[in-house]
Amino acid sequence: MQPKSDLAPGERTAPRSGISVRDGSKIFVGQDGNPVQALDHISFDVQDREFVSILGPSGCGKTTLLRIIGGLIELDEGEVSIDGRPVDGPGPDRAIVFQSFALLPWLDIESNVAFGLQLRGANRKERLETARQFIKMVGLEGFEKRLPKELSGGMQQRVGLARALAVDPRILLLDEPFGALDEQTRRILQEQLLEIWERERKTAVFITHSIDEALFLSDRIIVMSPRPGRVHRVIDNPLSRPRTREIERSSEYADLKAGLWDELRGMHDEVTP
Amino acid sequence: MAEVLTRDGHVASGPKRRHRPITDRRGGVIAIRLLVLALFAGVWQWLAVRSDSLLIPTFTETVDGLFQLMFQDGDLWGPLWESNKAVVIGFPVAVVTAVPIGLAMARWTYFGRFMNPWAILLLALPIAPLTPLLILGFGIGMTSRVIVVVLFCWVFIALNTRAGVRGVDPSLIEMARAFDANERQVWRFILLRGAMPGIMAGLRIGLARAIAGMVVVELLMVPAGVGGLMLRFRGQFEAGLVFAVVLAVILESVLILFAMRALERRLVPWANAAQV
């Protein structure tokens, strides 16, 4: 299958509902005082209810990009908007799932899941009830009163996912959520995430450096290249939905994976002197 | 006896015993501590007997003295309470001022930098040379004693508070911001909770310091309480009783430290408490 719809940097398309990044640039000051261009004129769209992966090696700015969409960092140039309205800080329409889980160690699981709701002022009874629903959804029923340290990494991330889902965001931002987990736990959680997404159908932006993960989960894959961070290629993922692990055995999958790996390997070659 | 067929075909006999290090066994740590104490007491006793000096009491003389002061004539309790008054007043004063300033030092970097040299100064300050100044300014009495207590513990509370806040995992703060927390919420839900172990450590160390300060001021400036008691016994060449008073103060500190650690375990069960 050929990759379609390469979006040339800066090319304007008709604004759709969903996320829109136009000519986004971000410069950080490095430790040595020299400027580092984390993002260089990034443009892409994410449609409503679409699952998009951002795939790329370290240093391609994908984490920065996620935080910009989430409203934690601001672009230096260009704009990012949701449904046509520019992003101005975090908001109730987005929620982030963090690679390090970021659970509050002093709260039990149900309070952790309820945390986003607590910040919004929901009263105790309501937010715990809602939390319990989502705890059930991620398969952690029975663990409500435990502390995070009593849970395995995979379980902790499921708590993080439940917390993000509990605030009912339109857009789910996932920052290499399974990166800190072992391979087997990763695969199980990928399947669980897919299952939940297929029911809830949120818009999802998923950061990863795993080709398999991107192919298994997403509708489209945005490949980014590092130093400076740029959109290298945007690839439609033709694998049919609903997806099962069977898909990994198809030759279509193998071709896609090989193609993506060629793209990514090329970037590492550029970096090596 | 059980017979076991080992992998290479030999027959090993004898009960298999599981070896756990002594520190894992319940009471193991306590047993070791008691052993060390006994060793210490033994060496002390031996050295004191050997030196045969009026000024170095033996362990047994000291313990005898302690019993006498505690239970026989009960001369310990009045002075002990008198001394502790300075801590009862001084420690809360220190806490109420040092914790907010520690929080402020964490929150505003410039303020923290501004306070740093003063903190170092307070840390390094030897009290003895200050005593004439304090007497001049505040006389010989409770005021001076309270001031010294505060000086002894203030810095530790403030700096541990600051460290507690700074030590909060930044990813938790980022997470709260991602869920649209405002600054007040970040303080209330993340920073203050997360800093609790550090703050409690500061309170614990500060209280131990406060007790030390309470005695020092009585030895150097205001001969009241247990300090005064020590001076009196020294003047009477009652070395055993002097050491007995020292032992009493040490015991008080140890008991309070244990109590505070237990309190910490109740208040912050999620943290790994430090060993001091």
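Everything discussed here concerns the structure shown above.
As the structure is a computational prediction, the values presented were derived from the model and not from experiment. Along each chain, residues carry numbers from 1 onward, in the same order as the chain's sequence is written. As a convention, the first chain written is A and the first ligand written is 1, with the rest following in written order. Local features in this predicted model are restricted to residues of pLDDT 70 or higher, and side-chain atom pairs are both shown and tallied only at a pLDDT of 80 or more, whereas totals for entire chains, interfaces and linings draw on every residue. Working from all heavy atoms in the structure, the side-chain values ignore hydrogens and water.

Caption draft 1: Here's a closer look at the overall build of chain A. Helix and strand content of chain A: eight helices and ten strands. Note on method: radius of gyration uses C-alpha positions; expected globular size equals 2.2 Å times residues raised to 0.38. On C-alpha atoms alone, chain A measures out to a radius of gyration of 19 Å, which is about the 19 Å that the 2.2 N^0.38 rule sets for 273 residues. Classification of residues uses two cut-offs on accessible area relative to the type maximum, computed with a 1.4 Å probe and protein chains only: under 20% is buried, over 50% is exposed, and between them is partly exposed. Out of the 273 residues belonging to chain A, those deemed buried represent 53%. Any two residues whose heavy atoms approach within 4.5 Å are treated as being in contact. For chain A, contacts bridging at least 24 residues in sequence account for 70% of all contacts bridging at least 6. Looking at chain A as shown, the accessible area adds up to about 12400 Å², and 48% of this sits on carbon and sulfur atoms. Each helix corresponds to a stretch of at least 4 residues labelled H or I by DSSP, and each strand to a stretch of at least 2 residues labelled E; elements are numbered beginning at the N terminus. Residue exposure ignores everything except the shown protein chains as possible cover, and the areas themselves are Shrake-Rupley values with a 1.4 Å probe.

Caption draft 2: Up close: the interface of chain B and chain A. On the side of chain A, 23 residues touch chain B, which itself brings 17 residues to the contact. Put simply, buried area is the surface a 1.4 Å probe can reach on two separate parts but cannot reach once they are joined, added for both. Both sides together, the interface formed by chain B and chain A hides about 1800 Å², and carbon and sulfur atoms give 70% of it. When the buried surface of chain B facing chain A is broken down by residue, B:Met175, B:Phe179 and B:Trp270 rank first, second and third, together holding 36% of it. A side-chain nitrogen of Lys or Arg and a carboxyl oxygen of Asp or Glu constitute a salt bridge if their distance falls within 4 Å. Our count for the chain B to chain A interface comes out at one salt bridge. In this structure, B:Glu174 and A:Arg67 form a salt bridge, with 2.5 Å as the shortest nitrogen-oxygen distance. N or O atoms within 3.5 Å of each other form a polar contact, as long as, within protein, one can give a hydrogen and the other can take it, and as long as residues adjacent in sequence are counted only when both atoms are side-chain atoms. On the surface where chain B and chain A come into contact, there are two residue pairs in polar contact (both at pLDDT 80 or more). Contributing elements (two or more residues each) for the side of chain B that touches chain A: α7 (170-178) and α8 (183-220) of chain B. Residue contributions to the side of chain B that touches chain A peak at seven residues, all from α7(B).

Caption draft 3: Region of interest: the packing of helix α4 (residues 109-124) of chain B against helix α6 (residues 142-166) of chain B. Residues and elements named next belong to chain B. Where α4 meets α6, the closest approach of the two axes is 9 Å, and the angle between their N-to-C directions is 145 degrees. Relative to α6, the crossing made by α4 is left-handed. Across the interface between the two elements, Gly-112, Met-115, Asn-116, Ala-119, Leu-122 and Leu-123 from α4 touch Leu-151, Trp-154, Val-155, Phe-156, Leu-159 and Arg-162 from α6. Nonpolar residues are Ala, Val, Leu, Ile, Met, Phe, Trp, Tyr, Cys and Pro. Charged residues are Asp, Glu, Lys and Arg, and all others, Gly as well, are polar. Looking at side-chain class alone, the contact of α4 with α6 contains nine nonpolar, two polar and one charged residues. Angles here are taken between N-to-C directions and fall from 0 to 180 degrees, while the axes themselves are lines fitted to C-alpha atoms, restricted in helices to the stretch in contact. Two helices crossing with the near one rotated counterclockwise from the far one by less than a right angle form a left-handed crossing, whereas a clockwise rotation gives a right-handed crossing.

Caption draft 4: Structural context of a nonpolar patch on the surface. Together, B:Leu54, B:Leu55, B:Ile56 and B:Phe237 make up an exposed nonpolar region whose accessible area comes to about 450 Å². Counting through the fold element by element, B:Leu55 comes out in the loop between α1 (28-51) and α2 (59-72). Here a patch means residues that are over 30% exposed by relative accessible area and free of salt bridges, tied together within 9 Å if like-charged and within 5 Å if nonpolar (Val, Leu, Ile, Met, Phe, Trp, Tyr).

Caption draft 5: Structural view of the nonpolar core. We call a set of buried Ala, Val, Leu, Ile, Met, Phe, Trp, Tyr and Cys residues a nonpolar core when their side-chain atoms join them within 4.5 Å. Judged by nonpolar contacts, the single largest core of 132 residues is most densely connected at A:Ile19, A:Phe44, A:Val113, A:Leu161, B:Phe91, B:Ile157 and B:Ile190. If you tally residues by element for this core, the top one is α8(B), at 14 residues. Excluding residues that lie within four positions of it along the chain, A:Ile19 makes contacts with A:Phe44, A:Asp45, A:Val46, A:Ile69, A:Val80, A:Ser81, A:Ile82, A:Ile171 and A:Val205. If you look at the next biggest cluster of nonpolar residues, it comprises 14 residues, including A:Leu55, A:Ile221, A:Tyr253 and A:Leu256.

Caption draft 6: Expanded view of the packing of aromatic side chains. Residue and element names in this part refer to chain A. Side-chain rings of Phe, Tyr and Trp, where Trp is taken by its six-membered ring, are said to pair if the distance between their centres is within 6.5 Å; with planes under 30 degrees apart they count as stacked, over 60 as edge-to-face, and otherwise as tilted. Counted according to the given criterion, the structure contains ten aromatic pairs over all chains. A ring pair is formed by Phe-51 and Phe-206, whose centres lie 5.8 Å apart and whose planes are at 40 degrees; its orientation type is tilted. Of this pair, Phe-51 sits in strand β3 (residues 51-55) while Phe-206 sits in strand β8 (residues 203-208), and the two are 155 residues apart along the sequence. According to the relative accessible area criterion, Phe-51 is buried, its value standing at 0%. Looking at Phe-206, the relative accessible area reads 0%, which means it is buried. Between the aromatic rings of Phe-178 and Phe-206, the centroid separation amounts to 6.0 Å while the plane-to-plane angle is 55 degrees, which identifies the pairing as tilted. Of the two residues, Phe-178 sits in the loop between β7 (171-175) and α6 (183-200) while Phe-206 sits in strand β8, which places them 28 residues apart along the sequence. Members of the aromatic cluster, joined through ring pairs, are Phe-51, Phe-178, Trp-197 and Phe-206. Stacked on the ring of Phe-216, the Lys or Arg Arg-245 has its end atom at 3.9 Å from the ring centre. Look at NZ for Lys and CZ for Arg. If either is within 6 Å of the ring centre and within 35 degrees of the ring normal, a charge sits over the ring.

Caption draft 7: Structural view of the pairing of strand β4 (residues 77-82) of chain A. Residues and elements named next belong to chain A. As judged from the five bridges shared by strand β1 (residues 18-29) and β4, these two strands associate in the antiparallel manner. In the sheet register, Ser-25 faces β4, and the bridge partner there is Glu-77. The pairing criterion for strands is at least two bridges between them, as found by DSSP. Sheet analysis places β4 next to strand β5 (residues 85-86), joined by two bridges and oriented antiparallel. The residue of β5 that forms the bridge with Ser-81 is Pro-86. The hairpin formed by β4 and β5 contains two residues between the paired strands, and Asp-83 there has a positive phi angle of roughly 55 degrees.

By themselves, these figures tell us nothing about what the structure is for.
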